[in-house]
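Residue-level structural notes
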Amino acid sequence: MVMETVISRGIIESYFEKLTSCLELDVAIVGGGPSGIVAAYYLAKAGHKVALFDRKLAPGGGMWGGAMMFNDIIVQEEAKHILDELELTYRPYQQGTYIVDSVHATAALLYKATQAGAKIFNCYSVEDVVYKNKRVAGVVVNWTPVLMQKMHVDPLTLMAKCVLDGTGHDCEIVKTVVRKNGVTLNTETGGIVGEMSMDAAEGERTTVINTKEVYPGLFVSGMAANGVSGSFRMGPIFGGMLLSGEKAASIMSESVKAQAKAQ
Ligand code: 48H
């Protein structure tokens, strides 16, 4: 075989093997921001079959850019154990905070999640979910360029015991589920409450509290959690995002185990 054919055959065979192995997942994560990637890391580490889908070429969400493109982020003491777990380099700052280079942090999260066994599909947009027996049961995916070009091309489907909406401020997946199926959510109003303005400390605290199952099979993390349950934004402090990912992994892991037991 000529080298050109070896290269093409290797990539095609490997890619389709990877995609086929993800047709029935424990967890499908929508959105490769910090909360989604951390959730992917912990789930893969716990031995679950997990895939993360991000519409961008480079997953990482809002963490690459730090604040106003000053590429450092702040992480507070409560989330330091996650920095250590992921072997990140950081330096102490004031009032129990740490400074981390945002490019280093984002790259490290992606590295650790994939090394732990999570599969990441970039350039994939999740355009819908599978909705069966009043439960979210998978994701409906398409190429981002197909959607950008508004081409009429049908999607593919990957089934999952749990779906995580980690799409950030827009909470896109929850919005789609509510709009198309008229469901009632596990929130104060039963609907999407909506994100509030800036309060860094409260926003950080409530991001973790709001990380939960909002509808059977559908979980929220990160900014999507505060958007759905109605809490504050917090600016470029990222401990809440990391802790939210850790909590999302833990509650989805329990759900996957409970579903396996019930079968
Ligand atoms: C595939 C999608 C889809 C889709 C979106 O916003 P993110 O960084 O996510 P979080 O919530 O983990 O982190 C939030 C943080 O970055 C942030 O914005 C903060 C702390 N803001 C505070 C403030 O005050 O502003 O990433 C979401 C990811 C992105 O990479 C999108 O490309 C991706 O989700 N995404 N991927 N299908 N339908 N929708």
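Note that the structure is a prediction, hence the values are computed from the model and not measured. (Residues numbered from 1 in each chain as written. Predicted model: local features only at pLDDT ≥ 70, side-chain atom pairs only at ≥ 80, totals over all residues. Heavy atoms only, no water.)

1. Some words on the site of the ligand
Inclusion rule: Near, as used in this document, describes a residue that has one of its heavy atoms within 4 Å of the molecule or strand being considered. Between N or O atoms, a polar contact is any pair within 3.5 Å; within protein, one atom must be a potential hydrogen donor and the other a potential acceptor, and residues adjacent in sequence are included only when both atoms are from side chains. Here the Shrake-Rupley method, with its probe set to 1.4 Å, supplies the accessible areas, and only the displayed protein chains count as covering residues.
By nearness alone, 27 residues border the ligand, and Ser35, Asp54, Gly62, Arg233 and Gly235 come closest of all. Within the contact set of the ligand, an oxygen atom lies 2.8 Å away from a backbone nitrogen or oxygen of glycine 62. Note that an oxygen atom of the ligand is positioned 3.5 Å from one of the backbone N or O atoms of methionine 234. When the free accessible area of the ligand is taken as 810 Å², the share hidden by the protein chains comes to 92%.

2. Points about the pattern of salt bridges
Filter applied, for reference: Note on definitions: salt bridges are taken to be side-chain nitrogens of Lys or Arg within 4 Å of carboxyl oxygens of Asp or Glu. Per the convention used, a helix needs a DSSP run of H or I reaching at least four residues, while a strand needs a run of E reaching at least two, with both numbered from the N terminus.
Counted by the stated rule, this structure contains nine salt bridges. With a shortest N-O distance of 3.6 Å, lysine 257 and glutamate 254 are connected by a salt bridge. Linking lysine 257 with glutamate 254, this pair stays in helix H9 (residues 239-262), spanning three residues, or about one helical turn.

3. Some thoughts on the packing of aromatic side chains
To keep things clear, this is the line we draw: In this analysis, rings of Phe, Tyr and Trp, with Trp reduced to its six-membered ring, are considered paired at centre separations within 6.5 Å, and the interplanar angle assigns stacked below 30 degrees, edge-to-face beyond 60, and tilted for intermediate values. Three exposure classes are used, based on accessible area relative to the maximum for each residue type with a 1.4 Å probe and protein chains only: buried under 20%, partly exposed in between, and exposed over 50%.
On inspection of all chains with the given rule, the structure shows nine aromatic pairs. For the pair tyrosine 124 and tryptophan 143, a centre-to-centre distance of 4.9 Å together with 75° between the ring planes defines the contact as edge-to-face. Of the two residues, tyrosine 124 sits in strand S7 (residues 124-132) while tryptophan 143 sits in strand S8 (residues 135-143), which places them 19 residues apart along the sequence. Residue classification places tryptophan 143 among the partly exposed positions, given a relative accessible area of 43%. With a centroid separation of 6.1 Å and an interplanar angle of 40°, the aromatic rings of tyrosine 131 and tyrosine 215 are classed as tilted.

4. A few points about the nonpolar core
To be explicit about the condition: Residues grouped as a nonpolar core are buried Ala, Val, Leu, Ile, Met, Phe, Trp, Tyr and Cys residues, joined through side-chain atoms within 4.5 Å. Working rule for contacts: check all heavy atoms of both residues, and any pair within 4.5 Å makes them a contact.
Val27, Ile29, Val50, Val75, Leu88, Leu109 and Met252 are the most contacted members of the largest nonpolar core, which totals 43 residues. In terms of residue count, the dominant contributor to this core is helix H2 (residues 34-45) (eight residues). Ignoring any residue separated from it by four or fewer positions in sequence, one finds valine 75 in contact with Leu83, Gly96, Thr97, Tyr98, Val100, Phe238, Gly239 and Leu242. Counting 30 residues, the second largest nonpolar core, distinct from the first, contains Phe121, Val126, Val163 and Leu218.

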